[in-house]
Amino acid sequence: MQSRQPPPPGYQGPPPGYQGAPPGSYGPPPGYQGPPPGYQGPPPGWTPAPAPTQRGKAPKRPVSAGRRVFTVGIPALLYGVMATVAAVMFMGGLALFLTWTANLPDPRTLTTIQPSQESIIYDRNMVELARFSSGERREIVAFEDFPAILVDATTAVEDRTFWTNTGFDPLGMVSAAIDSIRGRARGASTVTQQLVRQRLLPTDLTADRARLAERKLQEIIQSIRVTQTFPGERGKQEIITAYLNQNFYGNNSYGVKTAARGYFGVRDLDDLTLAQAAILAGIPQAPGYFDLVRNAEETDIGDPRCPDPDESCLVVPADADVVTRRNYILSLLLNDPSRRVLSGDTYRRADFLAAMEEPVVLVAQRGTRMRAPHFVWFVREQLTASLCDEEAQTCPIMEQGGLRVVTTLDWKIQQVAQKWVTVAALAPHQSDPRAFARARGVRYQSWMARLEDNQIWNGALSAIDYQTGEIIAYVGSADYYGRRRGKRFQPQFDVLSDGWRQPGSAFKPFNYATGIDDRTLTASSMIMDVTTEFDGGYTPTDFDQLERGPLRLRLALQFSLNIPAVKALALTGIEEVYDRAERFGMSFLVPRRQAGLSMALGSLEVHPLDLTTAYATLANGGRKLGHAAILAVRDTSGADILPPYRVPEGEEVVSPQAAYIVTDILAGNTDPSQNPIWGRMRLTNENGRRRPAALKTGTNNDAKDLSAYGYIAPPTAGGRRQGEYALAVGVWMGNSDASPVSGGGNAVFSMDAAAPLWQAVLNEVTADWRINDFEQPNGVVTAQVDAFTGFKPSQYSRQQVRELFIRGTEPGDDPYIRGIDVIRGADDRLYRWEESCAGTPTRRGVLDLSDAEADFRAWQRANRDWISRARRGAGVKGGPKNTATSFFYDPSFQPYGRSWGAPFPPNRACADAPAASPTPGATEPPTPPPSEPPATPTEGPTPEPATPGPTKTPTPTPTPAPEPTPTPTPKPTASPTPAPTPTPTPKPATPPPATPEPATPEPADPEEDGG
């Protein structure tokens, strides 16, 4: 070290105020690292070279003091301000960084697996349903014990830059954002980010969705810290090891080794096949959905895929989504060698192709049983999205955080639903059906026995309190823990939330409700039930191949006729009904642009739970609350982790008046005095008294989906205190693979299976509940209308009924049933009277449909053809589908007689009459209206009568089913073939009638009346 030299003589120190040389005025320049090795200083006699001079230039002019201040002081001031701002920003960012990282867990704890605390799921009355992580299975594995292909498969699909990134991938985030803008939303989290989200973020942050941006930023910061804490290749190995040991793989398996053993019986991970490694890598994206056991089917004994030819086994279908994801991962590894960081060229192209064809065969499963298992899985998925986020592969706070989750389910009602669904679907296939039913507390009934020759293997049911939106019962498939019976019965598949099913005629109420709310239609709108070819060659028929002519909307919906429903959709508009159905709570598999007129018949696939939600919306006066499964989530101290459930205000989808009118129509379906066919599905209490209830069934093409949806009137406040609910219940029956259910040459419909199941569950659940009625809202009025045309009755109206209307939509004068002048010819036939006719005319009421539906030429052409046949009476076939004319409803139920409302007008004038002079006569008095209207329909829900209903009591032999509609691809989760999409006819400004096109002269017919 050099010795310190003394100051020169006379030196008195620095001047006052001196603070040292400014920074950078002395010392080595930035980056200077000292003299080179061996340097010993300058040679003897060395002197510095003189400073260079500016030769050839005049000396600079001295700068004044003021100018020096301006040219030097201002830039210095600006620099100072900028430096100050930069310093403040730096210090603020540093302070913010320190604040955000102060409470973050130490990254060094990443490699320590925390012991779990069981989270318990309860029903609304604190009955335990399940425990998450109960008996948690986990085996910790070192990095050296992971097969290279398992690690490569995981990073290939989750984080291709894993081995080189700093914990997050900015380019991947930008790419994901662009894809989201283009409508292909996907996640962009790296393996490190996923692990941080599971292990190294505060619980209150991950549970608060309002702090998503903050959480994402802290996630990135923490991922960088983790990468710095575990640097280099060895650090990356520790991170991927923690990831593979931490993940949840479904089937109560935590960590990849536990999953390999639980699914495939593999004890040494090196024994995993290429296909097995790839499918395990794909599960953590959605462990509940991709759970291999939930996706598997039980094979028949002797299936060549099973290891033991004398035993059945579990096989995941080749078209399951989890197998599709496996093959996607294999294709990534095959086509991009850069993703095979560890395995390199170990596998050839043929190996990858063979792995894509390898069947997914599982070992026998044993596990702890849950109560309401489909519902528990449904709750688990909701908690994962709420407590972590929708991208989360697993959610440690839910699985290991000791939560206490109170759900909306009522276990008492759930038990009733589970036993009836199981018996209805499975008892008919047992060697001793009665013993099977008796063991489950159900009496084997005649409607079940009629299913023994058919192929219905599964069922599902959901029940929602429509005044609160709370799910009360949830059965995703029959007998969750039952023995599988192949593709038709996959008991662990959740049809309610994961299945796409055609609602069939169960969709019709929403079509009509939209038209009534828009005031395009009313409950008494006359629609011609006549087989018609619509645009695009779409020609629906009614299920019984009959055409009933003029019909009111109420009867068209109550008796589930197809042709009026399609015409109503054309009048209201496809886009309007599609949009309104979504607002009711439905999500469709088919996009709006592909929807056609067949949507009126329920051809667009929906989730059954969403359809129950839509019926709950209708029952709730048209106000949608959605559906909720969770009431409260608390930690072990009782503190709320999520805000407790509060009944939302909801959204008005249709007016209370429109909702009530449709409810009143559907309530007629459980009243035998109004609908003796569907009326056998009436609900009764324990004393046999009828309970008002709305019901609609649906059967799709080939009877693949059988459904029944409806609701009871709401309880009083006192009833609620005693455990009553405002129940909307939806039932589906069919096969898990969407195969046809009819067999043995016998057709089966919803009235044979789904409706009796709906009735049985509600009758048992509500047996001791008070009987209430639907309350009519303000703004609904009643008016007398003609029973056939729906217009204000005239003196020529033969049958009249009272109908419900939104105030201001009551009908005007009847344009169809009116009086005309006729004369009777010598042949005793009636002829139109004209001024040139001889004799005295008679005034007579007739049904003149020449102007009906005149805004639609194709409709009117079909109507003319029907009229020409109807003049000859019922049963006359013709038209594009050779359908037959019929009175309403059929030979066993004709509440308004064998009539279409009045005689048709003569199709010949007096000039065509025989030469003999007609006999003059006095004016024929009009037919007086009946003193009392018939029983169907009545104002509001009708009390059960003391005497029988219609004079002609029908024989309840129901065969109603909707017009065949397109069906989905036979696979619960696959996308079915879209329904036919006929081009919609533009909606008219006002409903018909309007001026018709010129009529084609009709042929002479032997009978003019037909009515």
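A quick note: this is a predicted structure, and the numbers were derived from the prediction, not measured.

Reading the values: rules and limits
- Residues numbered from 1 in each chain as written.
- Predicted model: local features only at pLDDT ≥ 70, side-chain atom pairs only at ≥ 80, totals over all residues.
- Heavy atoms only, no water.
- Helix = DSSP H or I, 4+ residues; strand = E, 2+ residues; numbered from the N terminus.
- Contact = heavy atoms within 4.5 Å.
- Areas by Shrake-Rupley, 256 points an atom, 1.4 Å probe, with all protein chains shown as cover.
- Disulfide = S-S within 2.5 Å.
- Buried < 20%, exposed > 50% of the residue type's maximum accessible area, 1.4 Å probe, protein only.
- Core = buried A, V, L, I, M, F, W, Y, C linked by side-chain atoms within 4.5 Å.
- Salt bridge = Lys/Arg side-chain N within 4 Å of Asp/Glu carboxyl O.
- Patch = residues over 30% accessible without salt bridge, like charges linked within 9 Å, V, L, I, M, F, W, Y side chains within 5 Å.
- Lys, Arg positive; Asp, Glu negative; His and termini not counted.
- Charge placed at Lys NZ, Arg CZ, Asp CG, Glu CD.
- Pairing = 2+ DSSP bridges.
- Expected span 1.5 Å × (residues − 1).
- Phe/Tyr/Trp six-rings, centres within 6.5 Å; stacked < 30°, edge-to-face > 60°.
- pLDDT = per-residue confidence, 0-100.
- Axes fitted to C-alpha atoms, helices over the stretch in contact; angles between N-to-C directions.
- Parallel < 35°, antiparallel > 145°, perpendicular 65-115°, else oblique.
- Left-handed = near helix turned anticlockwise from the far one by under 90°.
- Nonpolar A, V, L, I, M, F, W, Y, C, P; charged D, E, K, R; others polar.

Draft legend 1. Region of interest: the overall build of the protein chain. Each helix and strand counted, the protein chain has 27 helices and 29 strands in total. A separation threshold of at least 6 residues defines the contact pool for the protein chain, and within that pool the share at least 24 residues apart is 74%. When the accessible area of the protein chain is evaluated, it comes to approximately 44,600 Å², of which 52% is carbon and sulfur surface.

Draft legend 2. Focus on the state of the cysteines. Throughout the structure, instances matching the rule amount to two disulfides. Disulfide pairing places C306 opposite C313 at an S-S distance of 2.1 Å. Around the S-S axis, the bridge from C306 to C313 shows a dihedral of about -80° and counts as left-handed. On the accessibility criterion, C306 (8% relative accessible area) is buried. According to the relative accessible area criterion, C313 is buried, its value standing at 9%. Covalent S-S linkage joins C837 and C910, the inter-sulfur distance amounting to 1.4 Å. For the disulfide bridge between C837 and C910, the dihedral angle about the S-S bond is near -80°, and by the sign convention the bridge is left-handed. Of this pair, C837 sits in the loop between strand 26 (830-832) and strand 27 (842-847) while C910 sits in the segment after strand 29 (883-885), and the two are 73 residues apart along the sequence. You can call C910 buried: its relative accessible area is 13%.

Draft legend 3. A look at the nonpolar core. Residues L383, Y711, L727 and M733 are the most contacted members of the largest nonpolar core, which totals 166 residues. At 10 residues, helix 15 (residues 411-426) tops the list of elements feeding residues into this core. Non-local contacts of Y711, meaning those with residues more than four positions away in its chain, are made with Y466, Y615, L618, A619, T663, L666, A693, A694, L727, A728, W758 and F774. By size, the runner-up hydrophobic cluster in this structure holds 60 residues, among which are I149, Y249, A277 and A281.

Draft legend 4. How the structure looks around the pattern of salt bridges. Scanning the entire structure with this criterion turns up 37 salt bridges. The salt bridge involving R869 is made with D865; its shortest N-O contact spans 3.0 Å. One end of the pair is R869 and the other is D865, both in helix 27 (residues 857-870) and four residues apart, which spans about a single turn. Residue classification places D865 among the partly exposed residues on the basis of a relative accessible area of 30%. Connected through salt bridges with shared partners, the residues D517, D518, E576 and R580 form a single ionic network.

Draft legend 5. Inspection of the environment of P396 at higher detail. Counting through the fold element by element, P396 comes out in helix 14 (residues 396-400). For the pair P396 and Q198, spaced 198 residues apart in sequence, the C-alpha separation works out to 5.9 Å. Beyond its immediate sequence surroundings of up to four residues, P396 is in contact with Q198, Q246 and G401.

Draft legend 6. The arrangement of a negative patch on the surface in detail. The grouping of D145, D268, D270 and D271 at the surface amounts to a negative patch. Tracing the backbone shows D268 in the loop between helix 8 (256-264) and helix 9 (274-282).

Draft legend 7. Summary view of the pairing of strand 22 (residues 727-734). Among the eight residues of strand 22, eight are classified as buried, and the element is accordingly described as predominantly covered. The pairing of strand 9 (residues 458-465) with strand 22 spans eight bridges and is antiparallel. The residue bridging A463 from the neighbouring strand is V729, located in strand 22.

Draft legend 8. Local environment of helix 11 (residues 321-335). Here helix 11 contains 15 residues, and its C-alpha end-to-end distance of 21 Å stays within 8% of the 21 Å for a straight helix at 1.5 Å per residue. At its buried positions, helix 11 is contacted by helix 2 (148-158), helix 9, helix 10 (292-295), strand 6 (314-316), helix 12 (349-357) and strand 7 (360-362).

Draft legend 9. Representation of the packing of aromatic side chains in the model. This structure, assessed with the given rule, holds 32 aromatic pairs. Ring centres 5.0 Å apart and planes at 90° place the aromatic pair F559 and F888 in the edge-to-face group. Here the residue F559 occupies a position in the loop between helix 20 (553-558) and helix 21 (562-572), and F888 occupies one in the segment after strand 29, the gap between them amounting to 329 residues. Take F559: its relative accessible area is 0%, and that puts it in the buried class.

Draft legend 10. Structural view of the confidence of the model for the protein chain. Across the protein chain, the average pLDDT comes to 81, with 75% of residues at or above 70. In the predicted structure, residues 42-72 sits below a pLDDT of 50 and forms four contacts with residues beyond four places in sequence or in another chain. Note that residues 180-186 has pLDDT below 50 and, in this model, eight contacts with residues that lie over four places away or in other chains.

Draft legend 11. Representation of the packing of helix 4 (residues 191-199) against helix 7 (residues 232-246) in the model. It is at 10 Å that the axes of helix 4 and helix 7 come closest, and there the two elements cross at 55°. With respect to each other, helix 4 and helix 7 are oriented oblique. Two packed elements cross with a definite hand, and for helix 4 against helix 7 that hand is left-handed. Contacts between helix 4 and helix 7 involve V191, T192, Q194, L195, Q198 and R199 from the first element and I239, I240, A242, Y243 and Q246 from the second. Taken together, the residues of the contact of helix 4 with helix 7 break down into six nonpolar, four polar and one charged.

Draft legend 12. Region of interest: the sheet that holds strand 16 (residues 640-642). A sheet is described by the order of its strands in space; here five strands give the open sequence 2-1-8-15-16, paired in mixed fashion. The sheet is open, and its two borders are formed by strand 2 (128-132) and strand 16, each paired with just one other strand. Across the sheet, the mean angle from the axis of one strand to that of its neighbour is 25°, orientation sign disregarded. In the sheet, strand 1 (residues 119-122) pairs with strand 8 (residues 404-407) via three bridges, with the strands oriented parallel.

Draft legend 13. Local environment of helix 13 (residues 373-388). Across its 16 residues, helix 13 extends 22 Å between first and last C-alpha, which sits within 8% of the 22 Å expected from 1.5 Å per residue. Within helix 13, 13 of the 16 residues are buried, leaving the element largely enclosed by the surrounding structure.

Draft legend 14. Focus on the sheet that holds strand 21 (residues 705-712). Taken together, five strands build an open sheet; the order of strands is 10-9-22-21-20 and the sheet is antiparallel. With one partner strand each, in any of the chains shown, strand 10 (470-475) and strand 20 (693-699) form the two edges of the open sheet. The sheet shows a mean angle of 10° between the axes of neighbouring strands, taken without regard to direction. In the packing of helix 15 onto the sheet, contacts are made with strand 9, strand 10 and strand 22, and the angle to strand 10 comes to roughly 30°.

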